[in-house]
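Single-letter residue listing:
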Amino acid sequence: MKARSVVIAIAIVIATACASAHAQESAPPVVEAIAGESAGTALQREVIERWARLSALRIRFGENHADVLGERAALREAIAAMRRTRARVDRAAVARWIRDRIAEVDARLGELSVSCSSGHPDVRTGQARREALSEALTTIERRGLFVPTLAL
């Protein structure tokens, strides 16, 4: 009986390590630095990208998946860093960057529409990402700073 418990414990440790390694390997850099960009602008872009990514992950995996929980924690940290920094945010630059991301998502959704139904996971996550980016763009244009609060 004790040997069986040890085998189960080892299997759990291995599965946890594999899941952690997968999450680290699959996480691309959030945003690339832009020369001459203020810290506030870079952090605002990171918050928006993390928000869009979290929105897509929630659609694909549900609320309690490890990737969703990890991205939610990273988003909270990015928001805290943005609040601590209190640096100037170049609204126009962030708005241009968001429009570029929306154009990329729209192009991808256009490609997917040829081969996938509207219920396909890639289509649904692309739509969630686009909605998150659109929300951020509207907020940036109206208020000047985007800080998501929904379901954090």
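The residue numbering used here restarts from 1 in each chain and proceeds along that chain's sequence as written. Selection of residues for local features in this predicted model requires a pLDDT of at least 70, selection of side-chain atom pairs for listing and counting requires 80 or more, and totals for whole chains, interfaces and linings are taken over all residues. Water and hydrogen atoms were dropped before computing side-chain values, which therefore reflect all heavy atoms in the structure.

## Quick notes on the overall build of the protein
How we decide: For the purposes of this entry, the term helix denotes a DSSP run of H or I that reaches at least four residues, the term strand denotes a run of E that reaches at least two, and both are numbered from the N terminus. What makes two residues a contact is simply this: any of their non-hydrogen atoms within 4.5 Å. Here the Shrake-Rupley method, with its probe set to 1.4 Å, supplies the accessible areas, and only the displayed protein chains count as covering residues.
In terms of helices and strands, the protein carries five helices and zero strands. Starting at the N terminus and walking to the C terminus, you meet the elements of the protein as α-α-α-α-α. In the protein, the proportion of contacts linking residues at least 24 apart, taken out of those at least 6 apart, comes to 70%. When the accessible surface of the protein is split by element, carbon and sulfur atoms take 57% of a total near 9300 Å².

## Focus: the nonpolar core
Quick reminder of the rule: Here, the term nonpolar core denotes a set of buried Ala, Val, Leu, Ile, Met, Phe, Trp, Tyr and Cys residues that are joined through side-chain atoms within 4.5 Å. Residue exposure (1.4 Å probe, protein chains only): buried if accessible area is under 20% of the type maximum, exposed if over 50%, otherwise partly exposed.
Core analysis: the largest hydrophobic core is formed by 29 residues, its most contacted members being Val47, Ile48, Ile98, Leu133, Ile140 and Phe146. Elements with a contribution of two residues or more to this core: helix H2 (39-61), helix H3 (66-85), helix H4 (91-115) and helix H5 (121-143). The dominant element in this core, judged by the number of residues it contributes, is H4, at eight residues. When near neighbours in sequence (up to four residues on either side) are disregarded, Ile140 contacts Gln44, Ile48, Arg91, Val94, Ala95, Ile98, Leu145 and Phe146.

## Details of the confidence of the model for the protein
For the record, the criterion: For every residue, the pLDDT score states the predictor's confidence, bounded by 0 at the bottom and 100 at the top.
Overall, the prediction assigns the protein a mean pLDDT of 83, with 76% of residues at 70 or greater. Confidence over residues 15-26 falls short of pLDDT 50; this stretch has two contacts with residues more than four positions distant or in other chains.

## Description of H3
Let me state the cut-off plainly: The length a helix should cover is 1.5 Å for every residue beyond the first.
For H3, which comprises 20 residues, the first-to-last C-alpha distance of 28 Å matches the rise-based estimate of 28 Å (1.5 Å per residue) to within 8%. Those residues of H3 not exposed but buried are Asp67, Val68, Glu71, Arg72, Leu75, Ala78, Ile79, Ala81 and Met82. Trailing H3 by a residue or two, Arg86 shows a phi angle of about 55°, which is positive.

## With respect to the side chain of Thr125
Convention followed: Here a polar contact means two N or O atoms within 3.5 Å. Within protein one must be a hydrogen donor candidate and the other an acceptor candidate, and residues neighboring in sequence count only if both atoms are side-chain atoms.
With respect to the element layout, Thr125 can be found in helix H5. You can call Thr125 buried: its relative accessible area is 9%. Only 3.1 Å separates the side chain of Thr125 from the backbone oxygen of Asp122, close enough to count as a polar contact.

## Some points on the pattern of salt bridges
Note the following rule: By salt bridge we mean one thing: a side-chain nitrogen of Lys or Arg within 4 Å of a carboxyl oxygen of Asp or Glu.
Summed over the entire model, instances satisfying the criterion amount to 13 salt bridges. Put simply, Arg101 and Glu104 hold a salt bridge, and the shortest N to O gap is 2.8 Å. Residue Arg101 and its partner Glu104 are located together in helix H4, separated by three residues, close to a single helical turn. Under the relative-accessibility criterion, Arg101 is labelled buried at 16%. Salt bridges sharing common partners tie together Glu46, Arg50, Arg53 and Glu71.

## A look at the packing of H4 against H5
Relative orientation and spacing of two packed helices are given, respectively, by the angle between their axes and the distance between those axes. Inclusion rule: For helices, the fitted line uses only the C-alpha atoms of the stretch in contact; every axis is such a line through C-alpha atoms, and the angle between N-to-C directions lies from 0 to 180 degrees. Should an angle fall under 35 degrees it is called roughly parallel, over 145 degrees roughly antiparallel, and 65 to 115 degrees roughly perpendicular, with every other angle called oblique. Left-handed describes a crossing whose near helix is turned anticlockwise from the far helix through less than a right angle; right-handed describes the clockwise counterpart.
Running from N to C, H4 and H5 point in directions that differ by 160°, and their axes come no closer than 9 Å. Between H4 and H5, the angle is such that the two are roughly antiparallel. Here the hand of the crossing between H4 and H5 comes out left-handed.

## Some points on unusual backbone geometry
The phi dihedral of Arg86 falls on the positive side, at around 55°, and the residue is not glycine. Relative to the elements of secondary structure, Arg86 occurs in the loop between H3 and H4.

## Quick notes on H5
Between its terminal C-alpha atoms H5 stretches 33 Å, which fits the 33 Å expected from 23 residues at 1.5 Å a residue. The complete set of buried residues in H5 reads Val123, Thr125, Gly126, Ala128, Arg129, Ala132, Leu133, Ala136, Leu137, Thr139 and Ile140. Looking at the buried residues of H5, the elements they touch are H2 and H4.

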